[in-house]
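Per-entry structural report
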Amino acid sequence: MEQLKQRILEDGTVKPGNVLKVDSFLNHQIDIAFMNQIGAEFARRFAGSPVNKILTIEASGIGIAAICAQHFDNAPVVFAKKSKSLNLDGDLCHARVESFTHKTVSDVVVSKKFLSPDDHVLVIDDFLANGNAAKGIIDLVEKAGAELSGMGFIIEKAFQHGGDYLRNAGIRVESLAIIESLDNCEIKIR
Ligand code: 5GP
């Protein structure tokens, strides 16, 4: 997506550990008009795939998924919770996710009330790096017996190979900008 590439090149900065910071429009301040363009682009790419629910993971995915969902007939957004929030009741699906940015492992949960075998799920998240968050979400979808229609990421860091893993597993993956390298603090986009 050309406008996204331009925005990353204009606003993005590279932090130690191959972390791309895009706080001005995605990860701290959210540019709503731009997120609507991103939602429309996901809707265009996933047209033809059945989607009745959007799934993401707290915290950074929530705002993005909520805006994108409006481009999928206002499909409900379910976000996997980091399980310390024990104000969840009933039957839960659990998965373990290692955080790339925080270097912690958390148990993420989703209630079977909100993810069931009737659901055709599109996963939306901000970044795809090593794919650990994605693997955790897939685990939740499988445990809930739901169908995974596809996964949409705003930014994929190709050099961390999470995308290779998902595509080799036969999952439909759409990334709106693909970063080839952040070496020497230079952003190279495919
Ligand atoms: P993965 O599990 O694929 O290694 O990493 C995915 C998660 O880590 C994303 O949801 C995102 O929150 C965070 N992340 C990974 N790489 C970056 C990055 O370069 N910049 C930012 N801001 N977050 C990242």
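For the structure itself, consult the block above.
For the rest of this paragraph, the subject is the pattern of salt bridges. Any two side chains of opposite charge can pair if their charged atoms end up close together. For the structure shown, the criterion picks out twelve salt bridges. Glu-180 is paired through a salt bridge with Arg-190; the nearest N and O atoms lie 2.6 Å apart. Of this pair, Glu-180 sits in strand 9 (residues 173-181) while Arg-190 sits in the segment after strand 10 (188-189), and the two are ten residues apart along the sequence. The exposure class assigned to Glu-180 is partly exposed, which follows from its relative accessible area of 35%. Take Arg-190: its relative accessible area is 53%, and that puts it in the exposed class.

Quick look at the site of the ligand now. With respect to spatial proximity, 17 residues lie near the ligand, and among them Leu-20, Ala-129, Asn-130, Gly-131 and Lys-157 are the closest. One nitrogen or oxygen atom from the main chain of Leu-20 is found 2.7 Å from a nitrogen atom belonging to the ligand. One of the backbone N or O atoms of Asn-132 is found 3.1 Å from an oxygen atom in the ligand. Here the ligand loses 91% of its free accessible area of 510 Å² to cover by the protein chains.

On to the pairing of strand 5 (residues 92-98), then. Regular strands place their side chains on alternate faces of the sheet. Across the two faces of strand 5 the burial differs, with Cys-93, Ala-95 and Val-97 buried and Leu-92, His-94, Arg-96 and Glu-98 not buried at all. Sheet topology note: the strand 5/strand 6 (residues 105-111) ladder contains seven bridges and is antiparallel. Paired with Leu-92 across the two strands is Ser-111, which belongs to strand 6. Between strand 5 and strand 6, which pair antiparallel one after the other, the connecting turn spans six residues, and Lys-103 there sits at a positive phi close to 55°.

What follows covers the packing of helix 3 (residues 32-45) against helix 4 (residues 60-69). Here helix 3 crosses helix 4 at 60°, and the two axes come no closer than 8 Å. It follows from the interaxial angle that helix 3 and helix 4 lie oblique. Between helix 3 and helix 4 the crossing geometry is right-handed. Residue-level inspection shows Ile-32, Met-35, Asn-36, Ile-38, Gly-39 and Phe-42 of helix 3 in contact with helix 4, the latter providing Ile-64, Ile-67 and Cys-68. When its residues are assigned to classes, the contact of helix 3 with helix 4 shows seven nonpolar, two polar and no charged.

On to unusual backbone geometry, then. The omega angle of the peptide bond from Glu-58 to Ala-59 is 5°, so this bond is cis rather than trans. Positionally, Ala-59 belongs in the loop between strand 3 (53-57) and helix 4. Although it is not a glycine, Asn-18 sits at a positive phi angle of roughly 60°. With respect to the helices and strands, the residue Asn-18 is situated in the loop between strand 1 (13-15) and strand 2 (19-21).

Moving on: the environment of Ile-124. For Ile-124, the location among the structural elements is in strand 7 (residues 120-128). Judged by its relative accessible area of 0%, Ile-124 is buried. Residues Ile-124 and Ala-69, 55 residues apart in the sequence, show an inter-C-alpha distance of 9.3 Å. If sequence neighbours within four positions are ignored, Ile-124 has contacts with Phe-42, Ile-54, Leu-55, Thr-56, Ile-64, Ala-65, Cys-68 and Gly-152.

So, on to the nonpolar core. Grouped together as the largest cluster of nonpolar side chains are 32 residues, with contacts concentrated most on Leu-4, Ile-8, Ile-38, Phe-42, Ile-54, Phe-72 and Ile-154. Those elements giving two or more residues to this core turn out to be helix 1 (2-11), helix 2 (23-27), helix 3, helix 4, strand 7, strand 8 (147-157) and strand 9. Setting aside residues no more than four positions away along its own chain, Ile-154 makes contact with Leu-4, Leu-26, Met-35, Ile-38, Phe-42, Ile-64, Asp-125, Asp-126, Ser-175, Leu-176 and Ala-177. Core analysis: the next-biggest nonpolar cluster, separate from the first, contains 25 residues, Ile-57, Ala-95, Ile-137 and Ile-138 among them.

Rules and cut-offs
- Residues numbered from 1 in each chain as written.
- Predicted model: local features only at pLDDT ≥ 70, side-chain atom pairs only at ≥ 80, totals over all residues.
- Heavy atoms only, no water.
- Salt bridge = Lys/Arg side-chain N within 4 Å of Asp/Glu carboxyl O.
- Helix = DSSP H or I, 4+ residues; strand = E, 2+ residues; numbered from the N terminus.
- Buried < 20%, exposed > 50% of the residue type's maximum accessible area, 1.4 Å probe, protein only.
- Near = heavy atom within 4 Å.
- Polar contact = N/O pair within 3.5 Å; in protein donor to acceptor, adjacent residues only side chain to side chain.
- Areas by Shrake-Rupley, 256 points an atom, 1.4 Å probe, with all protein chains shown as cover.
- Pairing = 2+ DSSP bridges.
- Axes fitted to C-alpha atoms, helices over the stretch in contact; angles between N-to-C directions.
- Parallel < 35°, antiparallel > 145°, perpendicular 65-115°, else oblique.
- Left-handed = near helix turned anticlockwise from the far one by under 90°.
- Contact = heavy atoms within 4.5 Å.
- Nonpolar A, V, L, I, M, F, W, Y, C, P; charged D, E, K, R; others polar.
- Core = buried A, V, L, I, M, F, W, Y, C linked by side-chain atoms within 4.5 Å.

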